[in-house]
Structure formats: C-alpha cells, structure tokens
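# Results of the structural survey
Each chain is listed here by its residues.
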Amino acid sequence: MMIQVSYLSTTPTLSNTERFPYFTRTVPSDVYQAYAIIRLLREFNWTYVSAVYDDSNYGIKGFSELEKLALEEGVCFAVTEKLQKEGGDLSDDAYNYIISRLLTNTRAKGREITVRKS
C-alpha cells in the first residue's frame, strides 16, 4: 500500500474512493469550482452564457462538471468552444475564430470577452 497525496490533481474521477482508496489531494475537486461558477451565474441571473475551455483533461472534465450543474440549474450555453492547442500554443487565427464565434450569437444581451495569451 502506498498513499498518494496530490497538490495539483483536481479531476473528479480521483474522488472515487473505491477505485483510488489511497489517494488524497490538497486542492478541491473541479466539482466545487463548477458549483461556484453556477452560483455566480445564478447570483447575477445569467442563464444564457458561453464557455471557452482548454483541450486538456483539466478543461474537458471541468467543463463536463459545469455542464451537468448548468442543466440542473437552468443555465443554457449559447456557444461552447474548446481551445485546440497545437504544439502547446494557440495561434492568433484560433483566438480570432473563437472571438468571432462568441460575437455571432445575436441572442446574447451582453458580452464580456477576456482572453489571456501566455
């Protein structure tokens, strides 16, 4: 038996104690982050939103949790986009494509776009 302690793993999959009985973490599962985002959306009465997430285990699983909770809470997604990184970097064309997709939804009443390029 070897106990594993992670300071970085947030995937909800690792919360399965039957499958990972000797695993623990020092950070919360992505389920809590998704719950906090839904609470924020509901607080501002935002029920029609867009989401952009990273094409990684972290991004995909995190969005999956957010999507589940959104369905339960009556939050709908106008646009969802996965950041497809090639070679670790996202090209300017890829950023421009995502921004144009977010701006094309005419049913959205307000838009705030925050894009950070490392």
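Reading the values: rules and limits
Residues numbered from 1 in each chain as written. Predicted model: local features only at pLDDT ≥ 70, side-chain atom pairs only at ≥ 80, totals over all residues. Heavy atoms only, no water. pLDDT = per-residue confidence, 0-100. Helix = DSSP H or I, 4+ residues; strand = E, 2+ residues; numbered from the N terminus. Buried < 20%, exposed > 50% of the residue type's maximum accessible area, 1.4 Å probe, protein only. Lys, Arg positive; Asp, Glu negative; His and termini not counted. Salt bridge = Lys/Arg side-chain N within 4 Å of Asp/Glu carboxyl O. Polar contact = N/O pair within 3.5 Å; in protein donor to acceptor, adjacent residues only side chain to side chain. Contact = heavy atoms within 4.5 Å. Phe/Tyr/Trp six-rings, centres within 6.5 Å; stacked < 30°, edge-to-face > 60°. Pairing = 2+ DSSP bridges. Right-handed = clockwise from strand over helix to strand, strands pointing away. Core = buried A, V, L, I, M, F, W, Y, C linked by side-chain atoms within 4.5 Å. Axes fitted to C-alpha atoms, helices over the stretch in contact; angles between N-to-C directions. Parallel < 35°, antiparallel > 145°, perpendicular 65-115°, else oblique. Left-handed = near helix turned anticlockwise from the far one by under 90°. Nonpolar A, V, L, I, M, F, W, Y, C, P; charged D, E, K, R; others polar.

What follows covers the confidence of the model for the chain. Summarising the model, the chain shows a mean pLDDT of 82, and 86% of its residues fall at 70 or more. Of all secondary-structure elements in the chain, the lowest mean pLDDT belongs to helix α3 (residues 92-103), at 83, while helix α2 (residues 57-73) reaches the highest, 91.

Right, let's talk about the side chain of Asp30 for a bit. By the secondary structure assignment, Asp30 is in helix α1 (residues 30-43). Comment: no salt bridge for buried Asp30; closest opposite-charge side chain is Arg25, at 7.1 Å. A polar contact is formed between the side chain of Asp30 and the side chain of Thr10, at a distance of 2.7 Å. With residues up to four places along the chain from it excluded, the contact list for Asp30 reads Thr10, Thr11, Pro12, Tyr58 and Gly62.

This part takes up the environment of Ala51. Assignment of secondary structure puts Ala51 in strand β3 (residues 48-54). The exposure class assigned to Ala51 is buried, which follows from its relative accessible area of 10%. Measuring from C-alpha to C-alpha, the distance between Ala51 and Phe77 comes to 7.1 Å, with 26 residues separating the pair along the chain. What Ala51 contacts, discounting residues up to four positions off in sequence, is Phe63, Phe77, Val79, Thr80 and Glu81.

Once that is clear, we can look at the environment of Thr24. Along the polypeptide, Thr24 turns up in strand β2 (residues 23-25). For Thr24, a relative accessible area of 38% gives the class partly exposed. Residues Thr24 and Ser6, 18 residues apart in the sequence, show an inter-C-alpha distance of 6.4 Å. For Thr24, the contacting residues outside a window of four places in its chain are Gln4, Val5 and Ser6.

For the rest of this paragraph, the subject is the packing of aromatic side chains. Within this structure, the stated rule accounts for three aromatic pairs. Where Phe44 meets Trp46, the ring centres are 4.9 Å apart and the plane angle is 20 degrees; that geometry is what we call stacked.

A regular strand carries its side chains on alternate faces of the sheet. Here β3 pairs with strand β4 (residues 76-83) via six bridges, running parallel. Within β4, the position partnered with Asp54 by the bridge is Leu83. In this view, the connection linking β3 to its parallel neighbour β4 by way of α2 has right-handed handedness.

Here the focus is the nonpolar core. The biggest cluster of nonpolar side chains holds 11 residues, and these are Ala34, Ile38, Leu41, Val49, Ala51, Tyr53, Phe63, Leu66, Leu69, Ala70 and Val75. Of all elements in the fold, only α1, β3 and α2 reach the threshold of two or more residues within this core. The element best represented in this core is α2, accounting for four residues. Core analysis: the second largest hydrophobic core is formed by six residues, Leu83, Leu90, Tyr95 and Leu102 among them.

All right, on to the packing of α1 against α2 then. In a pair of packed helices, the angle between the axes and the distance between the axes together describe the arrangement. Relative orientation of the contacting elements α1 and α2 amounts to 45 degrees, with a least axis distance of 9 Å. Compared by their axis directions, α1 and α2 come out oblique. Taken as a pair, α1 and α2 cross one another with a handedness that is right-handed. Between α1 and α2, the residues in contact are Asp30, Val31, Gln33, Ala34, Tyr35, Ile37, Ile38 and Arg42 and Tyr58, Gly62, Glu65, Leu66, Leu69, Ala70 and Glu73, respectively. When its residues are assigned to classes, the contact of α1 with α2 shows nine nonpolar, two polar and four charged.

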